Protein chains: 2
Amino acid sequence: MQVVVPFAAGEPKTRLAETLTAAERREFALAMLDDVCATIRSTGREPQVLTTRRIDIDAPLAVDERPLTPAVNGVLADGDPTAIVMADLALATPTALERLFSADGDVVLAPGRGGGTNALVSRHPQFRVDYHGTSYLDHREIAREVGASVTELDSHRLATDVDETADLAEVLLHSEGTARDWLLDAGFSLSVTGGRVSVTR
Amino acid sequence: MQVVVPFAAGEPKTRLAETLTAAERREFALAMLDDVCATIRSTGREPQVLTTRRIDIDAPLAVDERPLTPAVNGVLADGDPTAIVMADLALATPTALERLFSADGDVVLAPGRGGGTNALVSRHPQFRVDYHGTSYLDHREIAREVGASVTELDSHRLATDVDETADLAEVLLHSEGTARDWLLDAGFSLSVTGGRVSVTR
């Protein structure tokens, strides 16, 4: 099974603009990508980074300038068993990814918070993705249409993509990777107020 | 193993005040509690509701007016194996709870978003809770201090407590219980904008 990590190299993590400068967002996004690649390797697999432009990272690159959905569907069109793992899953562990990779089902979906699909496995040659909107529900429907069985992979670590400031708290709470180190070096720490824990800088 | 569901009957779900009236919050909180109790029963166990005052629900009640932490520690002081499952885990399924109940470890912790502890199992007579602040990290530390082994239960369904408006989207996306029906009857639906899916009413 090939394991593909899409990466938008242009202007990553725009929803962190209130917290990080453009240069910082690029650095932080690359740190998370590094962590995700290392975690995939820890499961005994080799990640392939599907990037919109050439980047400096120690992993096999495939460059595809198209948006996420057509680029991933270009990979799935090969018909080979494929895992797609988002590049901002800073909380992913080998255990969580191994649960994904080894789950039964033609299509295995790890929902992200807010209706996204943060990671998936497709073993069905006709399954395709559509990352716009409530992609988790759409992917279930697409699988149904092509007759593919669907397994839900229930993981907080894989459900937590790091897009917004509040998500940085999850990285500080649950990650031990370079992305967490980057946040600490940048002066972030957990902030305990009412309700959920957030971050301050 | 006893399975205890704490419930704050006084003024539940205050962080949903921007979206729901006080009466609606009470109704919705009871619908979630109903769902959680039914899900526990589906695993073959009987829930005990630990409530701050008498409520009208079809489950064995224990009334304890104290705040969450001392009330739960009063239960744990018995020394019996105990699971504590929060009453607002509207996404919980029998599969997710069975993973929790059957996980190895003196203490099993299911982290909630933002550093909370949404569900746990304690099989160690000296383990106690402290739900204030980053309780997930604190519970790991408390377990270490008493020599209890800790297992992390990695579940998006158990990590998702329903406290804020954005959490309602998770209920509409992933639940099939009475809490979801309640939201639909109250006029909520998914709203697809940029980024994560939210709700409108």
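Residues numbered from 1 in each chain as written. Chains lettered and ligands numbered in written order. Predicted model: local features only at pLDDT ≥ 70, side-chain atom pairs only at ≥ 80, totals over all residues. Heavy atoms only, no water.

Novice: Just to check I follow, could you spell out the relation of the copies chain A and chain B for this structure?
Specialist: Copy one and copy two of the chain differ by a rotation about a common axis and a shift along it. Mapping chain A onto chain B is achieved by rotating through 180° and translating by 0.0 Å along the same axis, at an RMSD of 0.0 Å. Taken together, the rotation angle and the small translation identify this as a two-fold axis. The overlap is high: 100% of the interface residues of chain A also sit at the interface in chain B, so the same surface is used on both sides. (Least-squares fit on C-alpha atoms with pLDDT ≥ 70 in both. Contact = heavy atoms within 4.5 Å.)

Novice: I'm lost on the interface of chain A and chain B in this one. Help?
Specialist: By convention, interface size is frequently given as the accessible area that disappears when the constituent parts associate. Each partner contributes to the interface: chain A provides 29 residues, whereas chain B provides 29 residues. Buried area between chain A and chain B, both sides added, is near 2700 Å², and the carbon and sulfur share of it is 53%. Counting across the chain A and chain B interface gives 12 salt bridges. Here Arg196 of chain B ties to Asp163 of chain A by a salt bridge, and the two come within 4.0 Å at their closest N and O atoms. For the pair chain A and chain B, the number of links is 19 residue pairs in polar contact (both at pLDDT 80 or more). (Buried area = accessible area lost by both parts, 1.4 Å probe. Salt bridge = Lys/Arg side-chain N within 4 Å of Asp/Glu carboxyl O. Polar contact = N/O pair within 3.5 Å; in protein donor to acceptor, adjacent residues only side chain to side chain.)

Novice: So what exactly am I meant to see when it comes to the packing of aromatic side chains here?
Specialist: What describes a pair of aromatic rings is the distance from one ring centre to the other and the angle between the planes of the rings. Residue and element names in this part refer to chain A. Under the criterion given, the structure shown has two aromatic pairs over all chains. Taking the centre distance of 5.4 Å and the plane angle of 40° together, the rings of Phe28 and Trp182 count as tilted. Of this pair, Phe28 sits in helix α1 (residues 22-42) while Trp182 sits in helix α7 (residues 178-185), placing them 154 residues apart in sequence. When sorted by exposure, Phe28 lands in the same class as Trp182, which is buried. (Phe/Tyr/Trp six-rings, centres within 6.5 Å; stacked < 30°, edge-to-face > 60°. Helix = DSSP H or I, 4+ residues; strand = E, 2+ residues; numbered from the N terminus. Buried < 20%, exposed > 50% of the residue type's maximum accessible area, 1.4 Å probe, protein only.)

Novice: Is there a simple way to explain the environment of Gly133 of chain B in this structure?
Specialist: With respect to the helices, strands and loops of the structure, Gly133 of chain B is situated in the loop between β6 (117-122) and α4 (135-145). With 19 residues separating them along the chain, Gly133 of chain B and Gly114 of chain B place their C-alpha atoms 9.2 Å apart. Not counting residues within four places of it along the chain, the set of residues in contact with Gly133 of chain B comprises Val192 and Val197 of chain A together with Gly115 of chain B.

Novice: Would you take a moment to explain the pairing of strand β4 (residues 82-85) of chain A for this structure?
Specialist: Residues in a regular strand project their side chains so that they alternate between the two faces of the sheet. Residues and elements named next belong to chain A. A two-sided burial pattern is seen for β4, the buried positions comprising Thr82 and Ile84 on one face and Ala83 and Val85 on the other. The pairing of strand β1 (residues 2-7) with β4 spans three bridges and is parallel. By the bridge assignment for β4, Val4 is matched with Ile84. Bridge count between β4 and strand β6 (residues 117-122): four bridges; the pairing is antiparallel. Within β6, the position partnered with Val85 by the bridge is Ala119. (Pairing = 2+ DSSP bridges.)

Novice: Explain the pairing of β1 of chain A to me, please; I cannot follow it from the model alone.
Specialist: All names here are of chain A. The element β1 is largely enclosed, with a buried count of six among its six residues. Alternating positions in β1 separate into two faces, Gln2, Val4 and Pro6 on one and Val3, Val5 and Phe7 on the other, with burial throughout. Where β1 lies against strand β2 (residues 47-51), five bridges are found, and the strand directions are parallel. Bridge pairing in β2 places Phe7 opposite Thr51. In this region the chain leaves β1, passes through α1 and returns to the parallel neighbour β2; the handedness of that crossover is right-handed. (Right-handed = clockwise from strand over helix to strand, strands pointing away.)

Novice: So what exactly am I meant to see when it comes to the pattern of salt bridges here?
Specialist: Pairing of side chains with opposite charge becomes possible as their charged atoms draw close. For the structure shown, the criterion picks out 34 salt bridges over all chains. Of the charged contacts in the structure, one is a salt bridge between Arg41 of chain A and Glu46 of chain A, with a shortest N-O distance of 3.4 Å. Close ionic contact of Arg113 of chain A with Asp167 of chain A constitutes a salt bridge, the shortest N to O distance being 2.8 Å. Of this pair, Arg113 of chain A sits in the loop between β5 (107-111) and β6 while Asp167 of chain A is found in helix α6 (residues 165-174), placing the two residues 54 residues apart along the sequence. It is possible to trace a salt-bridge network through shared partners that takes in Lys13, Arg15, Asp88, Arg113, Asp161, Asp163, Glu164 and Asp167 of chain A together with Arg196 of chain B.

Novice: Would you take a moment to explain the environment of Gly105 of chain B for this structure?
Specialist: Residue and element names in this part refer to chain B. Examined against the element boundaries, Gly105 turns out to sit in the loop between α3 (94-102) and β5 (107-111). For the pair Gly105 and Val121, spaced 16 residues apart in the sequence, the C-alpha separation amounts to 8.6 Å. Setting aside residues no more than four positions away along its own chain, Gly105 makes contact with Arg123, Ser149 and Thr151.

Honestly, it's all geometry; don't read function into it.
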